[in-house]
Amino acid sequence: MKTPKKLQAKLQERTQKNTLRRLSTEKKTIDFSSNDYLGFAKSETIFNKTHQFLVDRNLQQNGATGSRLLSGNSKLYEEVEAHICTFHNSEAALLFNSGYDANIGFFSSVPQRGDAIFYDEYIHASIRDGINMSNAKSYKFKHNDLDDLAKKINNSSQKLSTLNQDIYIVTESVFSMDGDSPNLQELITFCNKNNYYLVVDEAHALGVFGTHGEGLLQKLGVEQEVFARIYTFGKALGCHGAVILGSNELRTYLVNFARSFVYTTGLSPHAVATIKIAYNELAETIATKQLKDTIATFKQATQQLKFIPSNSAIHCYIISGNKNVKKAATQLQSKGFDVKPIVSPTIPEGKERLRFCLHAYNSTEEIEEMINTLTSVH
Ligand SMILES: Cc1ncc(COP(=O)(O)O)c(C=O)c1O
């Protein structure tokens, strides 16, 4: 069957602009690219404990068999949600099949027609997609800029009826493409003062901030001041799925109205058990401490270089132009460093960058060698 001409044209356009995405199975030796910040994805301990847990519980079933509202729910699901509530100090928790599903489910269903959503311009694509599916009006504000947020709310309130209108503010505690963080304390004070609903995606903060990797909100002790929190398990937890934390009422609402929760098969028992074992590991591991050491070593070693300021596991070095950044990445890759170029249209033109993801298992020697190579190629 022939591919429609319009699709071919779009592919050709991407090829010409050097922005065509390709899948690769190649594994480079030194990992500065994966989201496996703590090494949990490769952990034999988690793998074996999960298997044993399922055998001990006689949970020898491969799939959930249906949506959780039909045949797919189980005691295991509820036990894991309760466990996550305790770990993250939350009233309620609802598991989703992925962070993408959690974000589209939340944003497409929670803000209502007549409400307004204000989102940081660098927010993740899954949140943008959810917002696009919502009936609420949406406005973006400048990255991590509270003054601009206040200005945008002020301007929009002239256009919107303020009667019975709820305002949602959305940010990430660690931005996936920059590695930086908003001033959460300031943002919370601002939201509390004005009765706005704050939603924070902690995808890249889980496992990275806090004594046991609880995330940035808990590190700051402000988790109770946020309307909803989103944690994803494909990053530091090394497995799959996500959770939305908030009140019991919010959970009940999502169970009823979040379409990416209602109309999909639940996670398999194996996936849910892996989440539980990964959380157990998080509470005990020394990998969170090792990751903090890696981050400190990296920051020390790159002091003189123009990296975007970051305290997280994500560090970015701007090299403008898709061609230039891809060339630098290829040179680093040829020396054995798995470093990915982030190109437009994923990020705005001119802001192309090399993104370095740091891990508990990156050694000081690896970091030093990689930086020597970077400075010699750029
Ligand atoms: C900030 C943020 N939120 C949500 C997601 C989506 O999570 P998942 O990979 O579990 O779908 C990602 C993944 O890239 C992310 O970076």
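Remember, predicted model here, so these are calculated numbers, not experimental data.

The rules behind these values
Residues numbered from 1 in each chain as written. Predicted model: local features only at pLDDT ≥ 70, side-chain atom pairs only at ≥ 80, totals over all residues. Core = buried A, V, L, I, M, F, W, Y, C linked by C-beta atoms within 7 Å. Buried ≥ 20, exposed ≤ 12 C-beta atoms within 10 Å, placed from the backbone. Helix = DSSP H or I, 4+ residues; strand = E, 2+ residues; numbered from the N terminus. Domains from an automatic or database assignment. Contact = placed C-beta atoms within 7 Å. Pairing = 2+ DSSP bridges. Right-handed = clockwise from strand over helix to strand, strands pointing away. Axes fitted to C-alpha atoms, helices over the stretch in contact; angles between N-to-C directions. Parallel < 35°, antiparallel > 145°, perpendicular 65-115°, else oblique. Left-handed = near helix turned anticlockwise from the far one by under 90°. Nonpolar A, V, L, I, M, F, W, Y, C, P; charged D, E, K, R; others polar.

**Overview of the nonpolar core**
- The biggest cluster of nonpolar side chains holds 94 residues, and the ones touching the most others in it are I169, L198, V208, V243, I244, A278 and L291.
- It is helix α11 (residues 269-284) that provides the largest number of residues to this core, a total of seven residues.
- For this core, the two domains that each supply at least three residues are domain 1 (28-42 + 286-377) and domain 2 (61-284).
- For I169, the residues in contact, after removing those within four places along its chain, are F118, L149, C191, Y196 and L198.

**Focus: the pairing of strand β4 (residues 137-141)**
- Two elements, strand β3 (residues 116-120) and β4, share five bridges in a ladder whose sense is parallel. Within the sheet, the bridge partner assigned to Y119 lies in β4 and is K140.
- At this point the chain moves from β3, through helix α5 (residues 125-132), to the parallel β4, and the crossover so formed is right-handed.

**Let's talk about the packing of helix α12 (residues 287-301) against helix α14 (residues 364-377)**
- In contact at an axis separation of 10 Å, α12 and α14 are set at 30° when each is read in the N-to-C sense. Considering the angle they form, α12 stands roughly parallel to α14. Like other packed secondary-structure pairs, α12 and α14 cross with a definite hand, here right-handed. Residues T297, F298 and A301 of α12 form the contact with α14, whose participating residues are T364, I367, E368 and I371.
- Of the residues assigned to the contact of α12 with α14, the class counts are four nonpolar, two polar and one charged.

**A closer look at the domain arrangement of the chain**
- What the domain assignment lists for the chain is domain 1 (28-42 + 286-377) and domain 2 (61-284).
- The C-alpha centroid of domain 2 is placed 27 Å from the C-alpha centroid of domain 1.
- Contact with domain 1, which involves 18 residues of that partner, is made by 19 residues of domain 2.
- For the side of domain 1 that touches domain 2, the secondary-structure elements that each account for two or more residues are α12 and β9 (314-318).
- If you tally residues by element for the side of domain 1 that touches domain 2, the top one is β9, at three residues.
- Looking at side-chain class alone, the side of domain 1 that touches domain 2 contains 12 nonpolar, five polar and one charged residues.

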